[in-house]
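A look at the structure
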Amino acid sequence: MQHFDVAIIGLGPAGAALARQLAGKKSVLALDKKQQRGTGGFMKPCGGLLAPDAQRSFIRMGITMPKHVMADPQIFSVQTLDVQTGVARNYQRSYLNIDRHAFDLWMKSLIPASVTVHHDALCRKIWRENGLWHLSYVVEGVTRHATATYLVGGDGANSMVRRQLYPTHEIRKYVALQQWFKDTHPSPFYSCVFDNHTTDCYAWSISKDGFFIFGGAFAMKEGREHFEALKTRLVPFDFRFGEPVKNEKCTVLCPSRWKDFVCGKENAFLIGEAAGFISASSLEGISYALDSAEILAGVLHQAPENANAVYERKTLGLRIKLMGKVVKNRCLTTPWIRSAIMKSGVSHIRVTQDDVTEARA
Ligand SMILES: Cc1cc2nc3c(=O)[nH]c(=O)nc-3n(C[C@H](O)[C@H](O)[C@H](O)COP(=O)(O)OP(=O)(O)OC[C@H]3O[C@@H](n4cnc5c(N)ncnc54)[C@H](O)[C@@H]3O)c2cc1C
């Protein structure tokens, strides 16, 4: 059985960024259930919009993004629609439109060879014994064991590490549903849709590489019915669906309280969505995944006695920022507040040309 300084479970943006930053300084085992090649295996359902805060992380890391990760086209605004009032507003946004799966594989490809990476590997069990973390995982059908001084859960919304550390911890979650359609709209656009009849969270659409992606976060119970009902309610607003070419579904966390953010204990750490680090107002999570990985890398480089307490303290700013998103979520999902904000026209950019935006508004 091999021993490592750090074992990372999950190589989404959080785990991959951490593995890259620890390489050469610690012995690292990194496990991920995605395949690195081919078209099969796990793919994270995602809108694939890279927010300015995530772009700032790449600036700090000195990393530039290759062209094959980018999607087409780049869009500079989000049309926000309140289905109940019919009010539509157009807000400037500086997202990068990316191919999420290509992004994940590219991030993994940046991990130096000194890290022991297993792709297409599933961690099945973790436990603590004699002051060490033990892992049992399956690679190419073979079950293996390893031990580690530090364990990191970068394993996303359904994190097994979080469940192991906090078995009774409950966090608000939704089922995220996305469908891909051949895009038949006159021009590509991003949208953000609020409709309390079908969800107390929100829905979105993204034009990407000739496809129109429509998704939303819905209550776990009857999520699919509400998704279909929302599609019907959007037809009068000129949303064009047709036959879906791809269906996606996963859990998405939506923190609502301070205690929803959990950093870990006993030399086990949570980063990214596993820690509840995702914006409750936009469900944007890549930037928090990158930021928490960067903070944890700094802590593990120092390897202080009380590493958990130090990580908790250093993520305070990030958690306060995320609490701000919880407040924003409450405002945006409360119909009268949302309506007042949108009707005020603050930050709305009026489209002067006679185009599709005017037609929708
Ligand atoms: C539908 C949807 C749309 C979204 N759109 C956006 C967006 O446009 N922009 C944005 O910034 N955020 C978006 N988010 C949020 C974003 O996807 C997440 O916050 C982000 O991916 C979190 O990164 P992570 O590395 O923490 O976890 P993940 O990206 O979820 O990665 C976790 C990884 O862990 C691996 N894993 C899990 N369990 C195991 C195991 N037992 N063994 C081995 N490997 C395991 C999986 O392979 C997975 O890749 C969206 C989320 C959803 C659901």
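Computed from a prediction, not measured in an experiment: that's the story for all the values here. Every residue gets a number counted from 1 within its own chain, in the order that chain's sequence is written. A pLDDT threshold of at least 70 governs which residues receive local features in this predicted model, and a stricter bar of 80 or more applies before side-chain atom pairs are shown or counted, although totals over entire chains, interfaces and linings include all residues. To get the side-chain values, all heavy atoms of the structure are used, and hydrogens and water are removed first.

Moving on, we get to unusual backbone geometry. A cis amide bond, omega -5°, links Asp72 with the succeeding residue Pro73. Along the chain, Pro73 falls in the loop between helix H2 (52–61) and strand S4 (77–82). Positive phi outside glycine occurs at Asp120, with the angle close to 50°. Mapped onto the elements of the fold, Asp120 is located in the loop between strand S7 (116–118) and strand S8 (121–129). We note that Glu140 has phi near 50°; this positive angle belongs to a residue other than glycine. The helix and strand labels rest on DSSP assignments: H or I over at least four residues marks a helix, E over at least two residues marks a strand, and numbering proceeds from the N terminus. Residue position: Glu140 is located in the loop between strand S9 (132–139) and strand S10 (142–153).

This brings us to helix H1 (residues 13–22). Categorising residues by exposure relies on relative accessible area from a 1.4 Å probe, with only protein chains included: less than 20% of the type maximum marks a residue as buried, more than 50% marks it as exposed, and the intermediate range marks it as partly exposed. For H1, the buried fraction is high: nine of the ten residues fall into the buried class. Here H1 has its buried residues at Pro13, Ala14, Gly15, Ala16, Ala17, Leu18, Ala19, Gln21 and Leu22. In the stretch just after H1, Gly24 is the one whose phi turns positive, near 85°.

In the sections that follow, a salt bridge refers to a side-chain nitrogen of Lys or Arg positioned within 4 Å of a carboxyl oxygen of Asp or Glu. Enumeration over the complete set of coordinates arrives at 15 salt bridges. Notably, a salt bridge pairs Asp195 with Arg233, separated by 2.8 Å at the nearest N-O pair. Here Arg233 lies in helix H5 (residues 223–234) and Asp195 lies in the loop between strand S12 (190–194) and strand S13 (203–208), a separation of 38 residues in the sequence. For Asp195, a relative accessible area of 1% translates into the label buried. One salt-bridge network, in which partners are shared between bridges, spans Asp32, Lys34, Arg100, Asp104 and Lys108.

Further remarks concern the state of the cysteines. Disulfides are defined as cysteine sulfur pairs within 2.5 Å. In this structure the tally under the stated criterion is zero disulfides. Counting only cysteine sulfurs, Cys254 is the nearest neighbor of Cys263, a cysteine outside any disulfide, at a range of 18 Å. Cys331 forms no disulfide, and the closest cysteine sulfur to it belongs to Cys254, at a distance of 13 Å.

Turning our attention to helix H8 (residues 316–332). Here the expected length of a helix is defined as 1.5 Å per residue gap, with one fewer gap than residues. Taking 1.5 Å per residue, 17 residues should reach 24 Å; H8 reaches 24 Å between its end C-alpha atoms and fits that length. All of the buried residues in H8 are Leu318, Arg319, Leu322, Val326, Asn329 and Leu332. Buried positions in H8, seen along its axis, are confined to an arc of 130° and lie on one side of it. Contacts are assigned to residue pairs with any non-hydrogen atoms lying within 4.5 Å of each other. Close packing links the buried residues of H8 with S12, helix H6 (286–302), helix H7 (307–314) and helix H9 (335–344). The arc in question is formed by the directions pointing from the helix axis toward the C-beta atoms.

As a further point, take the side chain of Ser292. In this structure, Ser292 sits in helix H6. Excluding its chain neighbours within four sequence positions, the residues that come into contact with Ser292 are Ile271, Gly272, Phe277, Tyr311 and Leu318.

In this scheme Phe, Tyr and Trp rings, the latter by its six-membered ring, pair at centre separations within 6.5 Å, and the angle between planes marks the pair as stacked below 30 degrees, edge-to-face above 60, and tilted otherwise. Counted by the stated rule, this structure contains 20 aromatic pairs. Relative to Trp106, the ring of Phe103 lies with its centre 5.9 Å away and its plane at 50°, an arrangement referred to as tilted. One end of the pair, Phe103, and the other, Trp106, are both in helix H3 (residues 100–109), three residues apart, so they sit about a helical turn from each other. Assigned by exposure class, Phe103 and Trp106 land together as buried. One aromatic cluster is present, built from ring pairs that chain together Phe181, Phe189, Phe212, Phe214, Phe218, Phe227, Phe239 and Phe241. Any Lys NZ or Arg CZ found within 6 Å of a ring centre and within 35 degrees of that ring's normal is scored as a charge over the ring. Across from the ring centre of Phe42, 4.6 Å away, lies the NZ or CZ of Lys33, which sits over that ring. The residue whose ring lies beneath Lys125 is Trp127, and the NZ or CZ to ring-centre distance is 4.9 Å.

Neighbouring residues are identified by heavy atoms, a residue being near a molecule or strand if any of them is within 4 Å of it. Lining the immediate environment of the ligand, one finds 37 residues, of which Asp32, Lys34, Leu49, Arg100 and Glu273 sit closest. Between the ligand and Leu283 there is a distance of 3.1 Å, counted from a nitrogen atom to a backbone nitrogen or oxygen. Accessible surface area values rest on a Shrake-Rupley calculation with a 1.4 Å probe, where residue burial reflects the displayed protein chains alone. Compared with its free state, where it exposes 1,000 Å², the ligand has 94% of that area covered by protein. Mapped by element, the contributors of at least two residues to the shell around the ligand are H1, S8, strand S11 (173–182), strand S15 (246–253) and H6. Here the element with the most residues in the shell around the ligand is S8; it accounts for three residues. Considered class by class, the residues forming the shell around the ligand number 20 nonpolar, nine polar and eight charged. Each domain's extent was defined by an automatic or database domain assignment. Among the domains, domain 1 (2–45 + 100–170 + 257–329) and domain 2 (77–98 + 172–254 + 330–360) are the pair contributing at least three residues each to the shell around the ligand. What qualifies as a polar contact is a pair of N or O atoms within 3.5 Å, subject to a donor-acceptor requirement within protein and to the restriction that residues adjacent in sequence count only when both atoms come from side chains. Side-chain classes are defined by residue name, with Ala, Val, Leu, Ile, Met, Phe, Trp, Tyr, Cys and Pro counting as nonpolar, Asp, Glu, Lys and Arg as charged, and the others, Gly among them, as polar.

On to the domain arrangement of the protein chain, then. Here the protein chain is described as being made up of domain 1 (2–45 + 100–170 + 257–329) and domain 2 (77–98 + 172–254 + 330–360). Across the boundary between the two partners, domain 1 contributes 18 residues, which contact 18 residues of domain 2. Buried area: the accessible surface (1.4 Å probe) lost by two parts on joining, summed over both. For domain 1, the biggest contributors to the area lost against domain 2 are Pro45, Leu283 and Asn329; these three give 36% of the whole. At the junction of domain 1 with domain 2, the criterion picks out zero salt bridges.

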